[in-house]
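# A closer look at the structure
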Amino acid sequence: MAKHGADEPSSRSGSPDREGRASEDRSLLHQRLAVRELIDTEVSYLHMLQLCASDIRSRLQQLPQGDLDVLFSNIDDIIKVNSRFLHDLQETASKEEEQVQLVGNIFLEFQEELEQVYKVYCASYDQALLLVDTYRKEPELQRHIQGIVEAVVPQAGSSGLSFLLVIPLQRITRYPLLLQKILENTVPDASAYPVLQRAVSALQDVNTNINEYKMRKEVASKYTKVEQLTLRERLARINTHTLSKKTTRLSQLLKQEAGLIPRTEDKEFDDLEERFQWVSLCVTELKNNVAAYLDNLQKQRLEGLVWQPLCSLAKALLGPQNLIKKRLDKLLDFERVEEKLLEVGSVTYQEEAARHTYQALNSLLVAELPQFNQLVMQWLGQILCTFVTLQRDLAKQVLQRAEGSMAQLPHHHVPEPAFRKLVEDALGRTSNQLRSFQETFEKVQPPPTTQPLLPGSERQVQALLSRYGPGKLYQVTSNISGTGTLDLTLPRGQIVAILQNKDTKGNSGRWLVDTGGHRGYVPAGKLQLYHVVPSAEELRRQAGLNKDPRCLTPEPSPALVPSIPTMNQVIAAYPFVARSSHEVSLQAGQPVTILEAQDKKGNPEWSLVEVNGQRGYVPSGFLARARSPVLWGWSLPS
């Protein structure tokens, strides 16, 4: 009895130990089953991918190659990665004690590769489904495709291609679940436990990154499209929402240009954009040069090997250019939302969506522009190498023909030293004749004419002079066509006052100027300092002639007509190109006869004139009196 009582506590204390061991055994069994499920399903998955890539794709050759590329995307890359992945998983079967930890390490090793291949496939999945929907609208084609799929993969059923296309998406999203199942059946103090935790987190991050990449691609595809819209179609798209959005963006941009609010700086993107714009400019210039070359030299090889690839390259640049332009619009929206978030602390759903759209666009461009720039540079380099090779072949042909033609020259039999002496003598005589002609020409050459002021601009010049002083006045040397929002469009001869010798980005080639009515930016290279001479009274004072002002009589000189002259005979101050049959062209300095000092509606800005027997309308401001007194106090710049 005593012995039985002594054994009783021992049996009670042993029961929990046996239960704990049994629980561990069950966890270990479930763990091994989870690992086996991972490997077995991976084998089936890889087999299904290979069926898609080989049997099904090869039997769908009647579809366009572009359709096949969209449907199966980068499935070959996925097969390569998952084949190595499966091989490493199967290798762990021989190391049963370390198998779970090895499985976790394999997932960590393949994390980046899995993300790279699956994000490309997932990004094109929606486009592939659109193609499948179009096939369903063609019954005969749909039956053919369905028959091929059911013959190779009977379990696809009526889903057909859709059943196969979704398999990679399902697999990449299932990896974290399979790992989580293994983790749940691993004791926390096991060495494999932290490795499995990291693997689960890594695969969850992979799926998150794939979703973000897919969203960025969707945003990019929305704004990459190049639409050729008529004016009527563009006007039809205007509504209160678009007007409000564009007005807000313009206000934001004006505030930044005026320095009222800071501009968001992104040096990484600015550098990428600058490189992209440089490459784009190179492609455009080369395309223009090759086009001019083809106009003068018809060569089929040049057109096929250089011109067509160059046009394709220029077309490939349009999408990124649209994205960069759209990013600027979205950046203005983003900055406005950020300001509101700081001031109010909350934003609307639409504003939050605009904020995410900018972030998606910016992230996509920063991530993919470097690769795109590199590919474009390689593409452009190959085109240039081909062009140089063709030029070398052409030069050889020209040289061969030249050698044949040289044999027919009268001096082809003359030895080289004698021929060189003959050429030097001929060049010497020609040089003397040219020098003599130059000296004669310089003697009779008229003095250089100064650039005239625009008609009616004297008051504007006086206002700018009184406000800014003579040191700030510049004259436009050639016509300026503004391309940016704050750029000015100015005619040649316009007087402006400089406000800043650089723009808000510190670019010294773009100056901020005041025209007396508008302010904006113009290229610094098209401005020259406007020299103001003293007025007549100042000249008389400096000469000490104030006592007898009658001795100073100004010489008359040509001046522009501030308004339409009363006389009929004038001259053209500026060239003018007729744009319709109602207008007539002018050359600077050409005699002009005014028939009517206004148009049929009484507008004095246009005059009916006769030039060389032709009648038509010209701008009144382009006409000048032949002889009139100069306006004292001003001098045309030399």
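Residues numbered from 1 in each chain as written. Predicted model: local features only at pLDDT ≥ 70, side-chain atom pairs only at ≥ 80, totals over all residues. Heavy atoms only, no water.

## Overview of the pairing of strand β9 (residues 614-619)
What counts here: In this description, strands pair whenever DSSP reports at least two bridges between them. Each helix corresponds to a stretch of at least 4 residues labelled H or I by DSSP, and each strand to a stretch of at least 2 residues labelled E; elements are numbered beginning at the N terminus.
When strand β8 (residues 606-611) meets β9, the two strands line up antiparallel, connected through six bridges. Opposite Leu608, over in β9, you have Tyr617 as the bridge partner. Between β8 and β9, which pair antiparallel in sequence order, lie two residues; one of them, Asn612, sits at a positive phi of approximately 50 degrees.

## Considerations on the sheet that holds strand β5 (residues 527-529)
Worth spelling out the cut-off: Fitted lines through C-alpha atoms give the axes, limited to the stretch in contact for helices. The angle between two N-to-C directions lies from 0 to 180 degrees. Only heavy atoms enter the contact rule, under which two residues are in contact if any of them lie within 4.5 Å.
One open sheet accounts for five strands, arranged β4-β3-β2-β1-β5; its pairing is antiparallel. Of all the strands in the sheet, just β4 (519-523) and β5 have a single pairing partner and so form its edges. Each strand of the sheet is rotated relative to its neighbour by a mean of 50 degrees, with strand direction disregarded. Across the face of the sheet, helix α18 (residues 458-468) comes into contact with β1 (473-476), β2 (495-500), β3 (510-514) and β4 while running at roughly 25 degrees to β2.

## Observations concerning helix α4 (residues 99-109)
Quick reminder of the rule: Burial classes follow relative accessibility: with a 1.4 Å probe on protein chains only, a residue under 20% of its type's maximum area counts as buried, one over 50% as exposed, and anything between as partly exposed. Think of the arc as the fan of directions from the helix axis to the C-beta atoms.
Residues of α4 that are buried: Gln99, Val100, Val103, Gly104, Ile106 and Phe107. Taken end-on, α4 shows its buried residues confined to a sector of 160 degrees, consistent with a single buried face.

## What about the nonpolar core?
In plain terms, the rule: Grouping buried Ala, Val, Leu, Ile, Met, Phe, Trp, Tyr and Cys residues that are joined through side-chain atoms within 4.5 Å yields what is termed a nonpolar core.
Counting 67 residues, the largest nonpolar core has Leu60, Leu71, Phe107, Tyr118 and Tyr175 as the members making the most contacts within it. The greatest single-element share of this core, amounting to twelve residues, is contributed by helix α1 (residues 2-59). Ignoring any residue separated from it by four or fewer positions in sequence, one finds Tyr118 in contact with Tyr45, Ile78, Asn82, Pro168, Ile172, Tyr175 and Ile210. If you look at the next biggest cluster of nonpolar residues, it comprises 31 residues, including Leu286, Leu380, Ile383 and Leu390.

## Let's talk about the confidence of the model for the protein
Basically, it comes down to this: For every residue, the predictor states its confidence as a pLDDT score lying anywhere from 0 to 100.
The pLDDT averaged across the protein works out to 80; a share of 81% of its residues lies at or above 70. Taken together, the stretch residues 545-567 has pLDDT below 50 and engages in 46 contacts with residues farther than four places along the chain or on a different chain.

## Quick word on the pattern of salt bridges
Keep this limit in mind: When a carboxyl oxygen of Asp or Glu lies within 4 Å of a side-chain nitrogen of Lys or Arg, that pair is called a salt bridge.
Summed over all chains, the structure comprises 22 salt bridges. One salt-bridge network, in which partners are shared between bridges, spans Glu37, Arg174 and Lys181.

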